[in-house]
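Take a look at the letters that make up each chain.
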Amino acid sequence: MRFQKIRDDEDIYVAIGGPFPLCNTIVIFSDEIAVIDPGCRMENLRALLREFESDLKDIDVVFLSHIHPDHITHATRINRLSRCRIVANEITAPLFNDKERMKRFLGFHTAHPVRVHWERLVNSAMYGALDEGQIDDVVSDNERYTVGRYELRMMMTPGHLPDHMCIEFVNERFLFAADIDCTEFGPFYGHPNSSINQFKESIDRIIDSEYEFIISSHLWDPIVNNYKSALESYKKQFDIREDLIYMSIIDGADSVEKIIEMPIIYTNTSDIVYLQFEKWMIQHHIRSLEQKGLIISKRGKIRAR
Ligand SMILES: [Zn+2]
């Protein structure tokens, strides 16, 4: 299945991501053609557009939920072909307009030893994401944006990254939840400026809202009907990981390096980029354990209280 209609009575589709990094793309056919997060496999997007006798050059507007390369992958390429408008929030926009700034935002400053490996990963699996481009319309939290007969509401939901934004279909009562993605892997907060507490608050805001369903960026079957219970299980991953990290510290691991000798989050890979994400995620948990008064962390050395 390459694309999926979201609801019988609407011309809104999800173009399914494809292999790694499997990032789904929303496509709206109304008076205009709008695309949210052009990170899916290009063939899937083109196959869907062909159903409407269209191609990439006919896209009018592209929305970006946040700056992660898997979500912005084809934005600049589509813009080159179609001259479409690109819309992003006020945190994402300057990062998209300056990819060096984006790399720093994600923790990969010039001298970072993993930067070159991360760039290689992006250029092989998300080719185009590091191309320089320009945002046309900058939107803020709660701002509404009309696409044909659809009204979209921007909803800043930080934590995954500070610029993470969900997009609500106001009258249709569903939410594109982006990387609040309900995957089995659980939440990703693998950058220095990610935040566990903000992520939890953002998840709770969605749980407390009344939608018909939410749409995930990273599920093969992207429509999540029972989203409240799915998000409760998703949120539990924070505590499960934190317990494992705490156990590891009790067992004598006295530094982040010692903890990641036996990875807790990325258990199936020794790839240096993922181990860096693991390291940053563990550092967030160490701060959390410290705030809870369970451990003491001083000059890189950690011990249980
Ligand atoms: Zn992301």
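Everything numeric here is computed off the predicted structure, so don't read it as measured data.

## Digging into the domain arrangement of the chain
Right, so step 1: Per the domain assignment, the segments making up the chain are domain 1 (3-225) and domain 2 (237-304).
Right, so step 2: Between the C-alpha centres of domain 1 and domain 2 there is a distance of 29 Å.
Right, so step 3: Interface area, domain 1 with domain 2, both sides summed: about 1800 Å², of which 70% is carbon and sulfur.
Right, so step 4: The three residues of domain 1 that bury the most area against domain 2 are Phe185, Tyr189 and Ile196, which together make up 31% of that side's buried surface.
Right, so step 5: Between domain 1 and domain 2 we count one salt bridge in total.

## Points about the coordination of the zinc ion
Right, so step 1: At the metal site, the zinc ion is ligated by His66 (NE2), His68 (ND1), His160 (NE2) and Asp179 (OD), and these contacts range over 1.9 to 2.1 Å.
Right, so step 2: Note that the zinc ion binds four donor atoms; their angles at the metal cover 91 to 157°, and the shape is irregular.
Right, so step 3: With relative accessibility at 3%, the residue aspartate 179 sits in the buried group.

## Remarks on the packing of helix H6 (residues 115-125) against helix H10 (residues 272-291)
Right, so step 1: Close contact between H6 and H10 brings their axes to 9 Å; oriented N to C, the two are set at 115°. On the basis of their axis angle, the class for H6 and H10 is roughly perpendicular. Here H6 and H10 pass one another in a crossing that is left-handed. Residues His117, Trp118 and Leu121 of H6 form the contact with H10, whose own contacting residues are Ile272, Val273, Tyr274 and Phe277.
Right, so step 2: Broken down by class, the residue content of the contact of H6 with H10 amounts to six nonpolar, one polar and no charged.

## Looking at the sheet that holds strand E4 (residues 33-36)
Right, so step 1: Here we have seven strands laid out as an open sheet, ordered E1-E2-E3-E4-E5-E6-E7, and mixed in their pairing. The open sheet has two free edges, formed respectively by strand E1 (3-5) and strand E7 (137-139), since each of these has just one partner strand. Neighbouring strand axes in the sheet, compared pairwise and without regard to direction, differ in orientation by 20° on average.
Right, so step 2: Alignment of E4 against strand E5 (residues 61-63), held across three bridges, turns out to be parallel. Residue isoleucine 36 lies in a different strand from E5, and its bridge partner there is phenylalanine 63.

## Here's the deal with the environment of histidine 285
Right, so step 1: Relative to the assigned elements, histidine 285 resides in helix H10.
Right, so step 2: Those residues within four positions of histidine 285 in sequence are excluded, and the remaining contacts are Tyr189, Ile196, Phe238, Arg241, Glu242 and Ile245.

## With respect to the pairing of E4
Right, so step 1: Of the two faces of E4, both are covered, the one formed by Ile33 and Val35 as well as the one formed by Ala34 and Ile36.
Right, so step 2: Sheet topology note: the strand E3 (residues 25-29)/E4 ladder contains four bridges and is antiparallel. When the sheet's bridge partners are listed, isoleucine 28 is paired in E4 with alanine 34.
Right, so step 3: Counting the residues between successive antiparallel strands, the hairpin from E3 to E4 contains three residues.
Right, so step 4: At this point the chain moves from E4, through helix H1 (residues 42-51), to the parallel E5, and the crossover so formed is right-handed.

## Focus on the packing of aromatic side chains
Any aromatic ring pair is given by two values, namely how distant the centres are and how the planes are angled relative to each other.
Right, so step 1: By the definition in use, this model includes 18 aromatic pairs.
Right, so step 2: Relative to phenylalanine 238, the ring of phenylalanine 199 lies with its centre 5.5 Å away and its plane at 70°, an arrangement referred to as edge-to-face. Taken together, the positions of phenylalanine 199 in helix H7 (residues 196-207) and phenylalanine 238 in helix H8 (residues 227-250) put the pair 39 residues apart, joining distant regions of the chain.
Right, so step 3: Taking the ring centre of phenylalanine 96 as reference, the NZ or CZ of lysine 99 above it sits at 3.9 Å.
Right, so step 4: Here the basic side chain of arginine 241 rests over the ring of phenylalanine 185, its NZ or CZ set 5.0 Å away from the ring centre.

## Considering the pattern of salt bridges
Right, so step 1: Counted by the stated rule, this structure contains 24 salt bridges.
Right, so step 2: The salt bridge partner of aspartate 137 is arginine 85, with a shortest N-O separation of 3.7 Å. Taken together, the residues span a long stretch of sequence, with aspartate 137 in strand E7 and arginine 85 in strand E6 (residues 85-89) at a distance of 52 residues.
Right, so step 3: With a relative accessible area of 24%, aspartate 137 lands in the partly exposed category.
Right, so step 4: For lysine 235, the salt bridge identified is with aspartate 204, shortest N-O distance 2.6 Å. With lysine 235 in helix H8 and aspartate 204 in helix H7, this residue pair connects regions lying 31 residues apart in the sequence.

## Quick word on the pairing of strand E11 (residues 174-178)
Regular strands place their side chains on alternate faces of the sheet.
Right, so step 1: Among the five residues that make up E11, five are buried, leaving the element largely enclosed by the rest of the structure.
Right, so step 2: Here E11 shows two buried faces, one formed by Phe174, Phe176 and Ala178 and the other by Leu175 and Ala177.
Right, so step 3: The pairing of strand E10 (residues 165-169) with E11 spans three bridges and is antiparallel. What sits directly across from glutamate 168, in E11, is leucine 175.
Right, so step 4: Two successive antiparallel strands, E10 and E11, enclose a turn made up of four residues, where arginine 173 displays a positive phi of approximately 60°.
Right, so step 5: As paired elements, E11 and strand E12 (residues 213-216) share four bridges and run parallel to each other.

Rules and cut-offs
- Residues numbered from 1 in each chain as written.
- Predicted model: local features only at pLDDT ≥ 70, side-chain atom pairs only at ≥ 80, totals over all residues.
- Heavy atoms only, no water.
- Domains from an automatic or database assignment.
- Buried area = accessible area lost by both parts, 1.4 Å probe.
- Salt bridge = Lys/Arg side-chain N within 4 Å of Asp/Glu carboxyl O.
- Donors = N, O, S within 2.8 Å, 3.2 Å for Na, K, Ca; no water.
- Tetrahedral: all angles 85-135°; square planar, octahedral: opposite > 155°, others 65-115°.
- Buried < 20%, exposed > 50% of the residue type's maximum accessible area, 1.4 Å probe, protein only.
- Axes fitted to C-alpha atoms, helices over the stretch in contact; angles between N-to-C directions.
- Helix = DSSP H or I, 4+ residues; strand = E, 2+ residues; numbered from the N terminus.
- Parallel < 35°, antiparallel > 145°, perpendicular 65-115°, else oblique.
- Left-handed = near helix turned anticlockwise from the far one by under 90°.
- Contact = heavy atoms within 4.5 Å.
- Nonpolar A, V, L, I, M, F, W, Y, C, P; charged D, E, K, R; others polar.
- Pairing = 2+ DSSP bridges.
- Right-handed = clockwise from strand over helix to strand, strands pointing away.
- Phe/Tyr/Trp six-rings, centres within 6.5 Å; stacked < 30°, edge-to-face > 60°.
- Lys NZ or Arg CZ within 6 Å of the ring centre and 35° of its normal.

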